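Tertiary structure, described
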Amino acid sequence: MAQLEKDLTKGNVWKQLVLFAIPFFASNLIQSVYSVADMMIVSRFGGTDSVSGVSISSMVMLIVTNLAAGIATGGTVMIGQFLGAGEREKIKKSISTLFITLAVLAVILTGGLVAFINPLLEVLNTPAEAFKEAYGYLLISLLGIVFILGYNALGAVMRGMGDGKTPLKFVTVACVVNIVLDIVFVKELHMGAAGAAGATVIAQGVSMISCVVYLIRNRFIFDFHLSSFRFTGEMFVMLMKVGLPSAVQQAATNFSFLVLGAQINRIAGVAASAATGIVSKFNSFALLPEVAVSMSVAAMISQNMGVGDIKRTKKVTGYGLVLCCGISIVIFTFVQVFPHEVFRLFGAKEDVVNVGVLYMRSFSFEYVVMPFIVALNGVFIGTGNGWVSLITDTTSAFLVRIPLAVYLGTTAGLGVFGIGCAVPCATFVGTLITFAFYLSGCWKKSTIIARPQKEIF
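These remarks concern the structure in this document. Predicted model only: the values in this text are computed from it and were never measured.

1. Some details on empty space enclosed by the protein
Under the criterion given, the structure shown has four cavities of 30 Å³ or more. The calculated volume of the second largest cavity comes to roughly 60 Å³. Ser43, Gly47, Thr48, Val51, Ala274, Ile278, Gly347, Ala348, Lys349 and Val352 together form the lining of the second largest cavity. For the lining of the second largest cavity, the secondary-structure elements that each account for two or more residues are helix H2 (48-85) and helix H10 (270-286).

2. Topic: the nonpolar core
Judged by nonpolar contacts, the single largest core of 63 residues is most densely connected at Phe343 and Tyr367. If sequence neighbours within four positions are ignored, Phe343 has contacts with Ala275, Ile278, Val279, Ala348, Val353, Gly356, Val357 and Met360.

3. What about the packing of helix H5 (residues 131-143) against helix H8 (residues 192-217)?
Across the interface, H5 lies against H8 with an axial gap of 7 Å and an inter-helix angle of 15°. By the angle between their axes, H5 is roughly parallel relative to H8. The crossing of H5 and H8 is right-handed. Taken together, the residues of H8 that come into contact with H5 (itself represented by Glu133, Gly136, Tyr137, Ile140 and Ser141) are Gly192, Ala193, Ala194, Ala196, Ala197, Gly198 and Val201. A per-class count over the contact of H5 with H8 returns seven nonpolar, four polar and one charged.

4. A closer look at the packing of H2 against helix H3 (residues 88-114)
For the pair H2 and H3, the least separation of the axes is 9 Å and the interaxial angle reads 175°. Taken together, the axis directions place H2 and H3 in an arrangement best described as roughly antiparallel. Residues Val64, Leu67, Ala68, Ile71, Ala72, Gly75, Met78, Ile79, Phe82 and Leu83 of H2 lie in contact with H3, whose contacting residues are Arg88, Lys90, Ile91, Ser94, Ile95, Leu98, Leu102, Leu105, Leu109 and Leu113. Partitioned by chemical class, the residues of the contact of H2 with H3 number 16 nonpolar, two polar and two charged.

5. A look at unusual backbone geometry
Not every positive phi belongs to a glycine, and His190 is a case in point at roughly 55°. Its location among the elements puts His190 in the loop between helix H7 (165-188) and H8. In this structure, Arg219 is a non-glycine residue whose phi angle is positive, near 50°. When you line up the elements, Arg219 lands in the loop between H8 and helix H9 (233-268).

Thresholds applied
- Residues numbered from 1 in each chain as written.
- Predicted model: local features only at pLDDT ≥ 70, side-chain atom pairs only at ≥ 80, totals over all residues.
- Heavy atoms only, no water.
- 1 Å grid on protein atoms, 1.4 Å probe; cavity = no way out; pocket = protein on both sides within 12 Å on 5 of 7 lines; lining within 4 Å.
- Points joined across faces, edges and corners; volume = space filled by probe spheres on them.
- Helix = DSSP H or I, 4+ residues; strand = E, 2+ residues; numbered from the N terminus.
- Core = buried A, V, L, I, M, F, W, Y, C linked by side-chain atoms within 4.5 Å.
- Buried < 20%, exposed > 50% of the residue type's maximum accessible area, 1.4 Å probe, protein only.
- Contact = heavy atoms within 4.5 Å.
- Axes fitted to C-alpha atoms, helices over the stretch in contact; angles between N-to-C directions.
- Parallel < 35°, antiparallel > 145°, perpendicular 65-115°, else oblique.
- Left-handed = near helix turned anticlockwise from the far one by under 90°.
- Nonpolar A, V, L, I, M, F, W, Y, C, P; charged D, E, K, R; others polar.

The following block contains the structure:
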């Protein structure tokens, strides 16, 4: 059991942050690779209609995934703070309640969304020629929600325990299975977008089940016996208090991008739809290092808040911000110098490349302002103050990103370039709000464990 836990409250802060972020980044990188593999293989062997179908349905699934990830993040913070405080029984109760909560959520989301696939795709202005592909991808993905949520729950638990290596092992398994099945289903069996979805669902299922077996064999703190799955009201309330703001925040952010995608579908057609889908896939890949740093910051801070160490928490925050800024400069430079190569990597047709580069030129300024908000969000999440991220992201999404995209894209007649400009503008506003909250010091009070802090200023 000991090898599945790590104390992040002692030792060199810089070294621990980097060493914890590396396996987390690698896990997310590999997960993104098989997501990108879906798009690349579908693009090469399924055509533009299939790419558009995957693009549109992926945006819906991204909201579902991030909703689960947000709640799971609440579990990470709770487990981390209880681990730092040495309250092991509460760790078990937290894990059990998290698993039960996400299992119930999986049933609700599957039943609710499957019944409304057609109207949902219509609301998103899905091009007629891509409708069948989008429907097939979304239906199969929704039927596999239980595996998506299960994997998110396991990953959240591991991060809370300070273990970044175990998730890496099983996401690697998922990646290999996914790519092999992508080739079989899409290239050999010509199943198009539905084949890509099937490959992903099976891969995630294999990964989740393998991880559970591994944890049982290594005598993890939670034994997975049926009798151990007990719902604790106190832990559920705390999970919602900590995780729900993060879940709503992520869902709201992705919903705003869904609205942007619908607008692009309406004014620019199937080529633009495919192009924005590729940008979305690339963006999820490009942000992985910063997300890894942010979640590592959150995991480290959660344990340090468990022992009330504010001074060490500030150090983690500063180092995380430096790392995120350095990574962002590299990504922004690459995109500005090689935008065409990004689309050709996905095997995109020339019409897709032309409109995509236009969108990418403006969208890429997101990488300049994103590191500040990403790093500081790790602070608010790790201290259990996810409500700050909720206020920040929903304000920037609904009061800036969507209205500005409508104005620049349609009213001002700038099309996809204008819509792309709205993204970094909204993030910049969000950054200002985030800094204001950080300077206020509201994050210094944990919402989970009440104990004196070692250092306040």
